[in-house]
Amino acid sequence: MKIELHAIRYSAAASQETAFYSADLHVNGRRIGTISNGGTGGEDVVHGDRAAYAVANAWCRANLPPWRTPDGLAFETDLELHCATLLQQWIDADELRRALAERVLWRDPVDRRVYGLRHHGRIEAAISSVRRRHPDVTILNELPFVMALAIWRSIPPQGPSEDCQ
């Protein structure tokens, strides 16, 4: 079963205990309704085809691996938790797109952290500068987006560090 979120509207500023968002919920290419959360810790709210939602929810519970928290707790993956995962993937991709638009990002092979240097519209010059100072790094701007995103998701939670050299 293919479950997707489309037309995502998200606000980090309005998110308190949970993500403040709304999106169109699609199952197997068909819009079955909307899903949203007010960001204050409550459950997601679904509007639309309740029968299709129930089928997708049952499929998630039967087919997806348990959803795990950073501290190791495991929960049965229902449609709401799956949508939370899809939303986080969208947030990660959006953050990376924004970061790539203003910085050259690279991953240090030793400490595995991602660093950034603002390029001010001169990306090739900034990449050359990074390559001269750090010849063994992986430059995310030069990778296919999917590969750069995998590296971006693996960095520590504080985000990329500005290069201080």
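Heads up: the structure comes first, above all this text.
Residues numbered from 1 in each chain as written. Predicted model: local features only at pLDDT ≥ 70, side-chain atom pairs only at ≥ 80, totals over all residues. Heavy atoms only, no water.

Chemist: Please give an account of the sheet that holds strand β1 (residues 3-11) that cites residues and values.
Modeler: Taken together, four strands build an open sheet; the order of strands is β1-β2-β3-β4 and the sheet is antiparallel. Two strands bound the open sheet, and with one partner strand each, they are β1 and β4 (45-48). Across this sheet, the average inter-strand angle for adjacent strands is 20°, counted without regard to direction. By the bridge criterion, four bridges tie strand β3 (residues 30-38) to β4 in an arrangement that is antiparallel. When the bridges of β4 are listed, Gly 33 appears paired with Gly 48. Contacts from helix α2 (residues 79-102) reach β1, β2 (20-27) and β3 within the one sheet, and its direction differs from that of β1 by about 60°. (Pairing = 2+ DSSP bridges. Helix = DSSP H or I, 4+ residues; strand = E, 2+ residues; numbered from the N terminus. Axes fitted to C-alpha atoms, helices over the stretch in contact; angles between N-to-C directions. Contact = heavy atoms within 4.5 Å.)

Chemist: Account for the nonpolar core, with residues named and values stated.
Modeler: With 19 residues, the main nonpolar core has Ile 3, Leu 5, Leu 25, Ile 35, Leu 79 and Cys 83 as its most contacted residues. Top element by residues in this core is α2. It accounts for five residues. Look past the residues within four positions of Leu 25 in its chain and what remains in contact with it is Ile 3, Glu 4, Leu 5, Arg 30, Arg 31, Ile 32, Gly 33, Thr 34, Ile 35, Tyr 53, Leu 79 and Cys 83. The next biggest cluster of nonpolar side chains, apart from the first, holds twelve residues, and it includes Leu 100, Leu 140, Leu 149 and Ile 155. (Core = buried A, V, L, I, M, F, W, Y, C linked by side-chain atoms within 4.5 Å. Buried < 20%, exposed > 50% of the residue type's maximum accessible area, 1.4 Å probe, protein only.)

Chemist: Could you give me a rundown of the packing of α2 against helix α4 (residues 145-153), with the residues and numbers involved?
Modeler: Viewed as axis vectors pointing N to C, α2 and α4 meet at an angle of 105°, and their least axial separation amounts to 10 Å. On the basis of their axis angle, the class for α2 and α4 is roughly perpendicular. From α2, Gln 89, Asp 92, Ala 93, Glu 95, Leu 96, Arg 97, Ala 99 and Leu 100 reach across to α4, where they touch Phe 145, Ala 148, Leu 149, Trp 152 and Arg 153. Here the residues of the contact of α2 with α4 are counted per class, giving eight nonpolar, one polar and four charged. (Parallel < 35°, antiparallel > 145°, perpendicular 65-115°, else oblique. Nonpolar A, V, L, I, M, F, W, Y, C, P; charged D, E, K, R; others polar.)

Purely geometric stuff here, so don't read any function into it on its own.
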